[in-house]
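# Fold and contact review
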Amino acid sequence: MIQQITPTTDDIFYPESDGKPMADNTLQFELITTIKYGLEVHFKDEPNVFVAGDLLWYPIQGQPKINQAPDVMVVIGRPKGHRRSYKTWVEDNLNPQVTFEIASETNTIKELEEKKLKFYQTHGVEEYYLYDPDRTKLKGWLRSGKKLEPIPQMRGWVSPLLGITFELVASQLVLYYPNGEPFASYLEISEQRDMAQQQAELERLAKEQERQRAEQAQEALEQTEQALELERLEKQQASQRAEQAQQALELERTRMKALLEQLKAKGINPEDFNL
């Protein structure tokens, strides 16, 4: 069940939007949503992992001007639920541990590698990942003590906290779940669902055909058994008729023999009558 997080009372106004669009173009939006919803799927069975996209994060109470809105952020240790912003002091003093940024024309590489990197480094982020789709650049930083240090090789990198793998496939960022399946966009998920439904329908039809064949085979077997039983009964009746005929013949022979003996007893020779 999704939990609604209720903020604590605070007289200071904390804006719920930085006035900037979530994305500057369709590719950036698709990448952000794919990462965000892919991570939600990854942690769907973990009630205390919060994933958000373009949500304002305030790390210090009373300092509303100190904020950032990561394209995607992950907080391990906080419950899922809807929030109007993420305020660290309301959230058990837990800062997001992982942040993602997708570069665009308005948020330059310099801003993402300097300003945001410094902010994330200052406020406890453990892993920071940056992807620039226009220049096909994938970078990452991992906390070492008080600093976020660059990750030397991002291709094939496995996030220590998330367990996901980073790859560049045909110059495109692809993230993989621990089981090797790639994150999918909404369209790809829809296509996969349609294919799964079609496959399920084909399997249902195959099972129905198999059931019909089994029924037909059973009917054929029953018909064969009935024909064999009928043949057996006919043979049995024919045998009974032959036995009855044999018994009638034996009875007739016995009767004739008795008749001949009676004639002989009366002095009549049966041969005189061609008997």
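A few points on the structure. (Residues numbered from 1 in each chain as written. Predicted model: local features only at pLDDT ≥ 70, side-chain atom pairs only at ≥ 80, totals over all residues. Heavy atoms only, no water.)

A separate point is helix α1 (residues 26-42). Between its terminal C-alpha atoms α1 stretches 24 Å, which fits the 24 Å expected from 17 residues at 1.5 Å a residue. When α1 is considered as a whole, its buried residues turn out to be Q28, L31, I32, T33, T34, I35, K36, G38 and L39. In this fold, the buried residues of α1 make contact with β2 (49-52), β4 (72-76), β7 (98-102), β8 (127-132) and β12 (172-176). (Helix = DSSP H or I, 4+ residues; strand = E, 2+ residues; numbered from the N terminus. Expected span 1.5 Å × (residues − 1). Buried < 20%, exposed > 50% of the residue type's maximum accessible area, 1.4 Å probe, protein only. Contact = heavy atoms within 4.5 Å.)

Right, let's talk about empty space enclosed by the protein for a bit. Summed over the entire model, instances satisfying the criterion amount to two cavities of 30 Å³ or more. The space that makes up the largest cavity amounts to roughly 40 Å³. Taken together, I35, F100, E101, I102, Y129, L130, Y131, L138, F166, L173 and L175 make up the full set of residues lining the largest cavity. Secondary-structure elements contributing two or more residues to the lining of the largest cavity are β7, β8 and β12. Lining the second largest cavity are I109, E113, L130, Y131, D132, K137, L138 and K139. Elements with a minimum of two residues in the lining of the second largest cavity: α2 (109-122), β8 and β9 (137-144). Class assignment of the residues belonging to the lining of the second largest cavity gives a composition of four nonpolar, no polar and four charged. (1 Å grid on protein atoms, 1.4 Å probe; cavity = no way out; pocket = protein on both sides within 12 Å on 5 of 7 lines; lining within 4 Å. Points joined across faces, edges and corners; volume = space filled by probe spheres on them. Nonpolar A, V, L, I, M, F, W, Y, C, P; charged D, E, K, R; others polar.)

All we've got here are geometric facts, nothing functional implied.
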